[in-house]
Amino acid sequence: MTTMTLQIDNPSIFDHLKSILELMKGVKIVGMTDNLDIDIPNQTTLSAMKEAEGGEDAGVVNIDSVESFIASMR
């Protein structure tokens, strides 16, 4: 199963888009919100998410101290 999240900035197309998606075989709408207070990840978070999805191991993170943590993140 693959999940796709859409952000629709043009409210006038929302109902039409929803009706089209509902007609597609294998597509299920599992939730919708018109809440504009949803947090959108910043660029750093998006980059980290993309890196994690890529399956590349970032290595060991040392959390013995703040300094060692910062050093292991470089």
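Trainee: Describe the overall build of the protein chain, with residues and values.
Mentor: Looking only at helices and strands, one finds three helices and zero strands in the protein chain. The helix and strand sequence of the protein chain, counted from the amino end, reads α-α-α. With 74 residues in all, the protein chain has 1% of them scored as buried.

Trainee: Describe the side chain of Ser68, naming the residues involved and giving the relevant values.
Mentor: Along the chain, the position of Ser68 falls in helix H3 (residues 66-72). We classify Ser68 as buried; its relative accessible area is 17%. Those residues in contact with Ser68 that lie beyond four places of it in its chain are Asn62 and Ile63.

Trainee: Give me the lowdown on the confidence of the model for the protein chain, citing residues and values where you can.
Mentor: Confidence along the protein chain averages 80 in pLDDT terms, with 88% of residues attaining 70 or more. Across the protein chain, the element-wise mean pLDDT spans from 81 in helix H2 (residues 43-53) up to 89 in helix H1 (residues 14-23).

Trainee: Could you give an account of H2, naming the residues involved and the relevant values?
Mentor: At the N-terminal boundary of H2, the capping side chain belongs to Asn42, with an oxygen 3.1 Å from the backbone nitrogen of Thr44. In the stretch just after H2, Gly55 is the one whose phi turns positive, near 80 degrees.

Trainee: Pulling in residues and values, what's your account of a nonpolar patch on the surface?
Mentor: Together, Met4, Leu6, Ile8, Ile13, Phe14, Ile29 and Met32 make up a nonpolar patch on the protein surface, roughly 630 Å² of accessible area in all. On the secondary structure map, Ile29 appears in the loop between H1 and H2. By relative accessible area, Ile29 is classed as partly exposed at 32%.

What counts, and at which threshold
- Within each chain, residue numbers correspond to sequence positions counted from 1 in written order.
- Residues qualify for local features only when their pLDDT is at least 70, as the model is predicted, and side-chain atom pairs are given and counted only at 80 or more; totals for whole chains, interfaces and linings, by contrast, use all residues.
- The side-chain figures draw on all heavy atoms in the structure; neither hydrogens nor water molecules are used.
- Helix and strand assignments follow DSSP, with helices taken as H or I runs no shorter than four residues and strands as E runs no shorter than two, numbered in order from the N terminus.
- Note on classification: 1.4 Å probe, protein chains only; a residue is buried when its accessible area is under 20% of the maximum for its type, exposed when over 50%, partly exposed between these limits.
- The contact definition used throughout considers only heavy atoms, calling two residues in contact when any of these lie within 4.5 Å.
- What pLDDT reports is the predictor's confidence in each residue, on a scale of 0 through 100.
- Here a polar contact means two N or O atoms within 3.5 Å. Within protein one must be a hydrogen donor candidate and the other an acceptor candidate, and residues neighboring in sequence count only if both atoms are side-chain atoms.
- Candidates for patches are residues over 30% relative accessible area with no salt bridge; among them, like charges are joined within 9 Å and nonpolar side chains (Val, Leu, Ile, Met, Phe, Trp, Tyr) within 5 Å.
- Reported accessibility uses the Shrake-Rupley method at a 1.4 Å probe radius. Residues are deemed covered only where the shown protein chains occlude them.
- The term salt bridge refers to a side-chain nitrogen of Lys or Arg lying within 4 Å of a carboxyl oxygen of Asp or Glu.

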